[in-house]
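# Coordinate analysis (summary)
Below, each chain spelled out in residue letters.
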Amino acid sequence: MWSYWNGNEEVDISLYMIRSGLLLGQKNFHFVKGELIEELADEILQKILQYYSDPEEMNPDFLVLDFKEEELTDVAEALKTFGDMKVMSGLTKKYYPLTEMCRKHAEESQRVRIANADSVYMGLNKLKELLNLRERPRILECYDVAIWQGSSPTASQVVFEEGKPNKKKYRYYHLETRPEGNNDFAMMREVISRRADNGDLPDVLVIDGGVAQV
C-alpha cells in the first residue's frame with residue numbers, strides 16, 4: 001500500500017507492508033517539490049518503480065496505489081519487469097479506508113519532521129545559501145588526514161548523498177611517506193588531487209583543517 005501527502009514544500013510518501021490483514025512494517029520517503037522534473041503523480045510513480053527495481057526488495061503479490069485506475073496502466077506494465085505484481089487503485093471502496101490511513105501517516109511524518117526542523121533538505125538548502133550556490137548541493141565529500149605514530153599516513157573520505165551517509169562510497173587513501181615527516185598540507189593536496197583524477201566530483205568538498213589546507 002502506497003500513499004502520499006503533498007505539502008507546501010515537500011512531498012512525503014508512505015509505504016505500508018501488509019500480510020493477511022496485518023501491518024508488518026512501514027517505510028517513509030520524502031523529496032522537495034522544487035526538484036520536480038515531471039508532474040507530481042508521474043514523479044511519485046517513478047519513485048515506486050525505482051523502489052521495486054532494487055533486487056534486495058521483496059516484491060508483493062498485490063500493490064495498492066493511491067491513484068485512479070486510469071493512471072496505473074503504465075506503471076503496472078513497467079512493474080512486470082520486476083515480477084508478477086497485480087496493481088490496484090487505492091481509491092476504490094474496498095481499499096480507500098486503508099489508503100486514507102496511509103496518507104494520514106505520510107502527512108504526520110512530514111508534520112513531525114518539519115516541527116523538529118529535522119529535514120535534511122532544510123539543512124542542505126541552508127548550506128546552499130551560505131555557499132552562494134545556484135542549486136541545492138546533493139553530494140558532499142569530507143576528507144581528513146591521519147598519521148599513526150608518525151608513519152603510514154592515510155586519508156579518509158566520507159560521502160553524504162541527499163544529507164545521508166553513503167557508506168558504500170567511503171574510502172581510505174594510503175599516502176606517500178614524506179622525508180620531511182608530517183606535512184598535512186602536502187598530504188591533503190595529494191589526496192584531493194588523486195580524488196580529482198577520478199572525475200564525478202561532488203557538489204561540495206569539506207576539508208578537515210584550516211584556511212591553509214583549503
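See the structure shown above.
Residues numbered from 1 in each chain as written. Predicted model: local features only at pLDDT ≥ 70, side-chain atom pairs only at ≥ 80, totals over all residues. Heavy atoms only, no water.

Moving on, we get to the pattern of salt bridges. Here the structure, examined in full by the defined rule, presents twelve salt bridges. Put simply, Lys-80 and Glu-77 hold a salt bridge, and the shortest N to O gap is 3.3 Å. Relative accessible area serves as the criterion here: at 55%, Lys-80 is assigned to the exposed category. Judged by its relative accessible area of 49%, Glu-77 is partly exposed. A salt bridge links Arg-178 to Glu-190; the shortest N-O distance between them is 3.2 Å. Of this pair, Arg-178 sits in the loop between β9 (171–174) and α5 (184–196) while Glu-190 sits in helix α5; the two residues are twelve residues apart in sequence, bridging distant segments of the chain. Each member of the pair, Arg-178 as well as Glu-190, is classed as buried. (Salt bridge = Lys/Arg side-chain N within 4 Å of Asp/Glu carboxyl O. Buried < 20%, exposed > 50% of the residue type's maximum accessible area, 1.4 Å probe, protein only. Helix = DSSP H or I, 4+ residues; strand = E, 2+ residues; numbered from the N terminus.)

What follows is about the pairing of strand β2 (residues 10–19). Burial analysis of β2 places seven of its ten residues in the buried class, which makes it a mostly covered element. Across five bridges, strand β1 (residues 2–6) lies against β2 in antiparallel orientation. Along β2, the bridge assignment pairs Trp-2 with Leu-15. The hairpin turn running from β1 into β2, its antiparallel successor, is three residues long. Linkage of β2 to strand β3 (residues 22–32), two consecutive antiparallel strands, is achieved through a turn of two residues, within which Ser-20 is found at a positive phi near 55°. (Pairing = 2+ DSSP bridges.)

For the α-helix, the turn length of 3.6 residues means that residues three or four positions removed from each other point alike. In this model helix α1 (residues 40–53) runs 20 Å from its N-terminal to its C-terminal C-alpha over 14 residues, within 8% of the 20 Å that 1.5 Å per residue would give. All of the buried residues in α1 are Leu-40, Glu-43, Ile-44, Leu-45, Ile-48, Leu-49, Tyr-51 and Tyr-52. Where α1 is buried, its residues meet β1, β2, β3, β4 (62–65) and α2 (73–79). (Expected span 1.5 Å × (residues − 1). Contact = heavy atoms within 4.5 Å.)

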